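# Topology and contacts: notes
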Amino acid sequence: MPVPLLDLRAQHAAIRDTVVDKMMKVVDSQLFILGAAVEELESQVAKLSHSKYAVGCASGTDAILLAMRALDIGRGDEVITTPFTFFATAGTIHNVGATPVFVDIDPKTFNISPKAIATAITPRTKAIIPVDLFGQMAAMEEVSRVAKSIPVIEDAAQSIGARRSIDGESRMAGEPATIGTFSFFPSKNLGGYGDGGMIVTQDEKLATRLKRLRVHGGATQYFHDEVGFNSRLDALQAAVLSAKLPYLDGWSSKRRANAKFYGKALDGIEGLTTPFIDKNNESIFNQYTIRAERRDALQAFLKKKGIGSAIYYPLPLHLQPCFAYLGYKKGSMPESEKAAAEVLSLPIFPERTPARRDEVVAAVRKFYSK
Ligand SMILES: Cc1ncc(COP(=O)(O)O)c(C=O)c1O
């Protein structure tokens, strides 16, 4: 029986009517851009992420871009981030005219190392962007400590609904930062039927500015205080996401249960390391990512058996050809480079049946018995 990395059709089959009903309300209203459906989702996401304000936008990429524009980041500024992430985290820094400054990761969690951030701060540092990779929040309290008054943008594209215990309080993804950003790309735990994104903050001024920036910089139609973007969340996507949001917690719990199962079932295999779970964190496991010796051979073996897997991410951002101008050399971010050579994400989606789950484990075990 083939086991895909992700099976969105199984999820869709279970909630189709609920989602379609909500979409049809938008269709019947013929109000497709921003409006009530987007506002409803914004208040749901603000509540979920313990944030005062939420601003919908066109994608998770735009959410980071808008966040930087709202913080007046541009030419001559430096923004510190991790090289072990999806391209958008750093591509947006370049696109606002600032310079990405990469620092290495903590090998245990794959998230940015707060100690490394401290060594890279200069008078030109205007923001720090930690990423909650694979659904596990970064060490936000340590990042904030080293950041002092420098704004922190938490790229929470992969972690909506994740929690971290900070000073004894349970904090949600996006909550502890100056600005938190989400993606609703279909493969995320809360995925739309197309692109979508959202920004959360506790700061009213930033929220007002973000709302203006997403509509070409004009608070009043046809009057522009500044040049912004067309980055609106469309109402149909908002309807889909509002309909799906009540299921998110249940889906993420199932992913955690699947991770726990893998943790036990794959324990003790020489050459394979299961993900480190930070005791302060409740990950949403957008991905279940192991470190594997002979990784490429393992992936080929799984493929032959019809088991899906993926490498997130094969080339760290400091070594991408488009960032050659920054001057980073191979070997400059050893932990990110090592992770890129070893990681493999296995199927963890909530609808995965016990039989499929056993099949993944049996195949991995077989590979390492050879
Ligand atoms: C860490 C990270 N940042 C940013 C993004 C960009 O989000 P989007 O694809 O919605 O633009 C993604 C999503 O793929 C992501 O995983």
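Residues numbered from 1 in each chain as written. Predicted model: local features only at pLDDT ≥ 70, side-chain atom pairs only at ≥ 80, totals over all residues. Heavy atoms only, no water.

### Digging into the overall build of the protein
The line we're drawing: Strands here are runs of E lasting at least two residues and helices are runs of H or I lasting at least four, both read from the DSSP assignment and numbered beginning at the N terminus. Both definitions apply: the radius of gyration is a C-alpha atom measure, and the globule rule equals 2.2 Å times residues to the power 0.38. A simple rule labels every residue: compare its accessible area, found with a 1.4 Å probe on the protein chains alone, to the largest value its type can have, and call it buried under 20%, exposed over 50%, or partly exposed in between. Any two residues whose heavy atoms approach within 4.5 Å are treated as being in contact. Positive: Lys, Arg. Negative: Asp, Glu. His and the chain ends are not part of the count. Charged groups are reduced to one reference atom each: NZ for lysine, CZ for arginine, CG for aspartic acid, CD for glutamic acid.
Looking only at helices and strands, the protein has 11 helices and 13 strands in total. Relative to a compact globule of 370 residues, whose C-alpha radius of gyration would be 21 Å, the protein shows 21 Å and is just as compact. Summarising its shape, the C-alpha atoms of the protein cover approximately 70 × 50 × 40 Å along the three principal directions. Taken over 370 residues, the protein has a buried fraction of 55%. In the protein, once contacts between residues fewer than 6 apart in sequence are set aside, the share between residues at least 24 apart is 71%. Seen as two clouds, the 46 positive and the 40 negative side-chain charges of the protein have centres 4 Å apart.

### Concerning empty space enclosed by the protein
One way to see where empty space is left: roll a probe the size of a water molecule over the atoms. Rules: Here a cavity is any set of points on a 1 Å grid over the protein atoms alone where a 1.4 Å probe fits but cannot get out, and a pocket is any open set with protein on both sides within 12 Å along at least 5 of 7 lines; a residue lines the site when it has an atom within 4 Å of a point. Grid points are joined across faces, edges and corners, and a volume is the space filled by probe spheres set on the points. Residue type decides the class: Asp, Glu, Lys and Arg count as charged, Ala, Val, Leu, Ile, Met, Phe, Trp, Tyr, Cys and Pro as nonpolar, and the leftover types, Gly among them, as polar.
According to the stated counting rule, one finds two cavities of 30 Å³ or more in the structure shown. Of the pockets and cavities examined, the largest cavity occupies roughly 110 Å³. In terms of lining residues, the largest cavity is bounded by 14 residues, among which Phe 134, Gln 136, Pro 275, Phe 276 and Phe 285 are the most central. Grouping the constituent residues of the lining of the largest cavity by class yields eight nonpolar, five polar and one charged. Taken together, 13 residues line the second largest cavity, and the ones lying closest to its centre are Leu 6, Leu 8, Gln 11, Lys 188 and Arg 255. When contributions to the lining of the second largest cavity are tallied by element, the ones reaching two or more residues are helix H1 (8–29) and helix H8 (235–265). When the residues that make up the lining of the second largest cavity are grouped by side-chain class, the tally is six nonpolar, three polar and four charged.

### Observations concerning the site of the ligand
Operational definition: Here a residue is near a molecule or strand as soon as one of its heavy atoms is found within 4 Å of it. Polar contact criterion, stated in full: a pair of N or O atoms within 3.5 Å, where within protein one must be able to donate a hydrogen and the other to accept it, and residues adjacent in sequence count only if both atoms are side-chain atoms.
Near the ligand, the surroundings consist of 16 residues, among which Gly 60, Thr 61, Asp 155, Gln 158 and Ser 183 are the closest. Within the contact set of the ligand, an oxygen atom lies 2.8 Å away from a backbone nitrogen or oxygen of Gly 60. Here an oxygen atom of the ligand and a side-chain polar atom of Ser 183 are 2.7 Å apart. The element best represented in the shell around the ligand is helix H3 (residues 60–70), accounting for three residues.

### Concerning the packing of aromatic side chains
To be explicit about the condition: Any Phe, Tyr or Trp ring, taking Trp's six-membered ring, that has another such ring centre within 6.5 Å forms a pair; planes under 30 degrees apart are called stacked, those over 60 apart edge-to-face, and the others tilted. Note on geometry: a ring has a charge over it if NZ (lysine) or CZ (arginine) is within 6 Å of the ring centre and within 35 degrees of the ring normal.
A complete count under the given rule lists 16 aromatic pairs for this structure. Seen from their ring centres, Tyr 262 and Tyr 288 are 4.7 Å apart, and the 35 degrees between their planes marks the pair as tilted. You can see Tyr 262 sitting in helix H8 and its partner Tyr 288 sitting in strand S12 (residues 288–292), a full 26 residues away along the chain. With respect to class, Tyr 262 is no different from Tyr 288; both count as buried. With a centroid separation of 4.9 Å and 90 degrees between ring planes, the pair formed by Phe 367 and Tyr 368 is classed as edge-to-face. Take Tyr 368: its relative accessible area is 12%, and that puts it in the buried class. Aromatic rings pair up to connect Phe 84, Phe 86, Phe 110, Phe 134, Tyr 312 and Tyr 313 into one cluster. Across the ring face of Phe 276, the terminal group of Lys 108 is positioned such that the distance to the ring centre comes to 4.8 Å. Positioned over the ring face of Phe 261 is Arg 357, at 3.7 Å from the centre of the ring.

### Quick look at helix H6 (residues 140–147)
In an α-helix, one turn spans 3.6 residues; hence positions three or four apart end up facing the same way. The test is simple: By arc we mean the arc of the directions from the helix axis to the C-beta atoms, nothing more.
Every buried residue of H6 is listed here: Met 140, Glu 141, Val 143 and Ala 147. The arc that holds every buried residue of H6, seen down its axis, measures 160 degrees, which confines them to one face. In the core, the buried residues of H6 are packed alongside helix H5 (114–120), strand S4 (125–129), strand S5 (153–155) and strand S6 (163–166). Among the residues trailing H6, Lys 148 stands out with phi positive, at a value near 50 degrees.

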